[in-house]
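# Chain and residue survey
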Amino acid sequence: MVFLPPSWLPDITAQIPPATNVGDFVLAGRRTTGSTRPALICAETGKRYTGDDVGEKVELLAKALCRDLGWSPNQCSSKEKVVAILSENSIDFLVVCWAIHRIGGTCLLLQPTTSAIEIVSHMTKARCHVLFSSEELLPLCEEFFDLLPVPPRKLYSMDKSGLSIKNFNDGIKSLQELLNEGLDSQDIEQLHGRDASREVAYLMTTSGTSGLQKLAQITHANMIANVIQPVVFESAATDNWPRIGLGILPLNHSYGLVTTHAMFYRGDTTVTHSSFDIQLMLKSIQEHRIERLYLVPSVISTLIANPILFEMYDVSSVKDIVLGAAACGESLSQKIHELQPHWHVLVGYGLTECASIVAWSRAASIIPGSSGSLLPSCQARLIDDSGADITKYDVPGELYLKSPSRIPGYLGEDESVNAKFLVEGWLPTGDIGFFRLGPKGDEHLFLVDRLKDMIKVNGLQVNPGEIEEVLRKHPSVADAAIVGTKDDSAGERPLAFVITTSQITTSQDRGELILELDESVKSQLHESYWLRKQIWFVEELPRNQSGKVLKRALREKVQEYGLGSVKRDRTIVLS
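Here's a quick rundown of the structure.

Parameters at a glance
Residues numbered from 1 in each chain as written. Predicted model: local features only at pLDDT ≥ 70, side-chain atom pairs only at ≥ 80, totals over all residues. Heavy atoms only, no water. Core = buried A, V, L, I, M, F, W, Y, C linked by side-chain atoms within 4.5 Å. Buried < 20%, exposed > 50% of the residue type's maximum accessible area, 1.4 Å probe, protein only. Domains from an automatic or database assignment. Helix = DSSP H or I, 4+ residues; strand = E, 2+ residues; numbered from the N terminus. Axes fitted to C-alpha atoms, helices over the stretch in contact; angles between N-to-C directions. Parallel < 35°, antiparallel > 145°, perpendicular 65-115°, else oblique. Contact = heavy atoms within 4.5 Å. Nonpolar A, V, L, I, M, F, W, Y, C, P; charged D, E, K, R; others polar. Salt bridge = Lys/Arg side-chain N within 4 Å of Asp/Glu carboxyl O. Pairing = 2+ DSSP bridges. Patch = residues over 30% accessible without salt bridge, like charges linked within 9 Å, V, L, I, M, F, W, Y side chains within 5 Å. Areas by Shrake-Rupley, 256 points an atom, 1.4 Å probe, with all protein chains shown as cover. Left-handed = near helix turned anticlockwise from the far one by under 90°. Phe/Tyr/Trp six-rings, centres within 6.5 Å; stacked < 30°, edge-to-face > 60°. Lys NZ or Arg CZ within 6 Å of the ring centre and 35° of its normal.

Turning next to the nonpolar core. Within the largest apolar cluster, 121 residues are counted, with the highest numbers of intra-cluster contacts made by Trp-98, Tyr-202, Met-281 and Leu-295. Looking at this core, you find at least three residues from each of domain 1 (2–8 + 218–450) and domain 2 (50–194). Leu-86, Leu-108, Phe-144 and Leu-215 belong to the second largest nonpolar core, which has 28 residues in total.

A word on unusual backbone geometry. It is generally the case that most residues other than glycine have a negative phi and that most peptide bonds are trans. With a phi close to 70°, Ser-377 is a non-glycine residue in the positive phi region. Summarising the element assignment, Ser-377 is placed in the loop between β17 (373–374) and β18 (379–383).

A few words on the packing of helix α3 (residues 93–102) against helix α8 (residues 254–266). In contact at an axis separation of 12 Å, α3 and α8 are set at 90° when each is read in the N-to-C sense. Put simply, α3 runs roughly perpendicular to α8. Across the interface between the two elements, Phe-93, Leu-94 and Trp-98 of α3 pack against Leu-257, Thr-260, His-261 and Phe-264 of α8. In terms of residue class, the contact of α3 with α8 is built from five nonpolar, two polar and no charged.

Let us look at the environment of Ser-121. Here Ser-121 is to be found in helix α4 (residues 116–126). Looking at Ser-121, the relative accessible area reads 28%, which means it is partly exposed. Considered as a pair, Ser-121 and Leu-215 are 94 residues apart in the sequence and their alpha carbons are 9.9 Å apart.

All told, the structure shown has 27 salt bridges when counted by the stated rule. Between Lys-319 and Glu-291 there is a salt bridge, with its nearest N and O atoms 3.0 Å apart. Note that Lys-319 is positioned in the loop between α11 (309–312) and β13 (320–323) and Glu-291 in the loop between α9 (278–288) and β12 (292–295), a separation of 28 residues in sequence. What makes Lys-319 partly exposed here is its relative accessible area of 31%. Salt bridges here are not isolated pairs; linked through shared partners, they connect Glu-234, Arg-243, Arg-266, Asp-268, Arg-292 and Asp-320.

Through backbone hydrogen bonds, the strands of a sheet pair up, either in parallel or in antiparallel fashion. The strand order β2-β1-β11-β10-β12-β13-β14 describes an open sheet built from seven strands, whose pairing is mixed. Because the sheet does not close on itself, it has two edges, and the strands there are β2 (48–49) and β14 (344–347). One ladder, built from three bridges, connects strand β1 (residues 40–42) with strand β11 (residues 269–272); its direction is parallel. From the neighbouring strand, Cys-42 faces β11, where its bridge partner is Thr-272.

With that out of the way, let us pick up a nonpolar patch on the surface. A contiguous nonpolar patch, built from Met-1, Tyr-393 and Leu-437 and spanning about 240 Å² of accessible area, is present on the exposed surface. With respect to the secondary-structure elements, Tyr-393 resides in the loop between β18 and β19 (397–402).

Here the focus is the sheet that holds strand β15 (residues 349–350). The three strands are arranged β15-β16-β17 in an open sheet whose pairing can be described as antiparallel. Both outer strands of the open sheet, β15 and β17, are each paired with one neighbouring strand and no more.

Before going further, it helps to spend a moment on the packing of helix α14 (residues 464–472) against helix α15 (residues 507–524). The geometry of α14 relative to α15 is characterised by a closest axis approach of 10 Å and an angle of 125° between their N-to-C directions. With respect to their mutual orientation, α14 and α15 come out oblique. Crossing handedness for the pair α14 and α15: right-handed. Only Leu-517, Ser-520, Val-521 and Gln-524 of α15 make contact with α14, whose side of the interface consists of Ile-467, Val-470 and Leu-471. Split by residue class, the contact of α14 with α15 holds five nonpolar, two polar and no charged.

Another point: the packing of aromatic side chains. Between two aromatic rings, the relevant description is the distance of the centres plus the angle of the planes. The tally for this structure, following the rule as stated, stands at eleven aromatic pairs. Between the aromatic rings of Phe-132 and Tyr-156, the centroid separation amounts to 4.9 Å while the plane-to-plane angle is 35°, which identifies the pairing as tilted. With Phe-132 in strand β5 (residues 130–133) and Tyr-156 in strand β6 (residues 154–157), this pair connects stretches of sequence that are 24 residues apart. When its relative accessible area of 1% is taken as the criterion, Tyr-156 is described as buried. Taken together, the aromatic side chains of Phe-3, Tyr-393 and Phe-435 make up a single cluster linked through ring pairs. Over the aromatic face of Phe-446 sits the side chain of Arg-436, whose NZ or CZ is 4.7 Å from the ring centroid. Cation over ring: Lys-522 sits above Trp-530, and NZ or CZ is 5.3 Å from the ring centre.

Purely spatial values, then, with no claim about function.
Structure below.
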């Protein structure tokens, strides 16, 4: 059975231009709206850009990059003109991306939480030798520059001038310097003859179903489709646009990138924050009268835990919040509704392999626990354990998808990986879900489980192997296995099963080792990897005949024993 978007939604495939890059498409779309409101506002500085401001800066930067790099728009394919961006959110982030697109290039978006070794792998796969970095992340540049065979050809600063690092000998030009150079640079030729369905706009990190970090190739057509889809969905649901939205989600993450593109295209205003600070966010809502919040469940959890914050700031302008990147339980939605009854909680579902968004909720048809209905031109199937199609509502199976936003595959992987990417034209997501018919006749998607061993914490993919390796380095640990456990705040958190090198008999000794292991993970890995003392001691780990640890069996034990919530002796026997 093929599950479909609501019948009142049109097919959007004809709206995807065959030879336009996504930056020019979004800029043109905003001009069509006639919106004169600011397109982007920096929450920290108050700096504002209109759509025309962004367009002018894109043109200046494109001219300067062509001159500085010796490139021309129609010279070579986008695969030979890859520029990495390592930066927190910035009002200039889209300017840099769209200027790279204007000259026929590809943006490699690097996450600051990615390890230096992984960044080197990504840059090597992408054959990337040009990098934009924010000042705060230059120390990370120093770290991975030492691991590269040769340093990047060019390093640009997103913010200040006069910066330098010890292992990059050439000068680091700032974005403003490049913009100034663009004033004196000759005009560049227009891109022509490009196939939007083949040319890659963004390379973005994703875990894939194997648990290894990969580079998703998001084409211009994929990105344009995923900009159009939510705009058409919401335009059909309400005519209350444009709006002022909160831009606090990382732009190097597909959720934040796509929603910011869509807001710009629709004529909205995005108030950007370089990083998350709960009080600065609330102050921004009050000052700019923000109407929509794009968030992850952990932020909602923080607000619920600190209700006094609502008394300190005026948040009456907020009409709705959009939640994605991690699962949102019914209890979380109910608690925020009790605190702010007039807020509509709109939950969505997506994955980087479909650019980002696949399903979305609308205020007129909210069902607790639902991730909304499929977006225009999306299709879904559910496959049971035997490989057969599920033909009924409320019966779970693995979710398979088709969408014009579905990417062609991963960069730099061997043929066997990309050969498994599609099954007869359908994308297997590795997620378990079911569809339910809503009271208004729309099919709603409910996500109930994942097949992947990867753990998703606040929208970030956490590789269990990295935590296991840290634990195994401790002299008291013989072996370890990590699985995910549900968490109301972060969606999931890692939980550890540990075999010790010698028997630990007292509660005091177990408590001391838990603290040591907890601090060891904290000192070596990002916050999303922290165990928060969720460590359980076992005599052995369940394994298959080849010796591989059976993670599914461990997850079943988490549920059986309630290990993610109980507080008792930390030694258990896995039968």
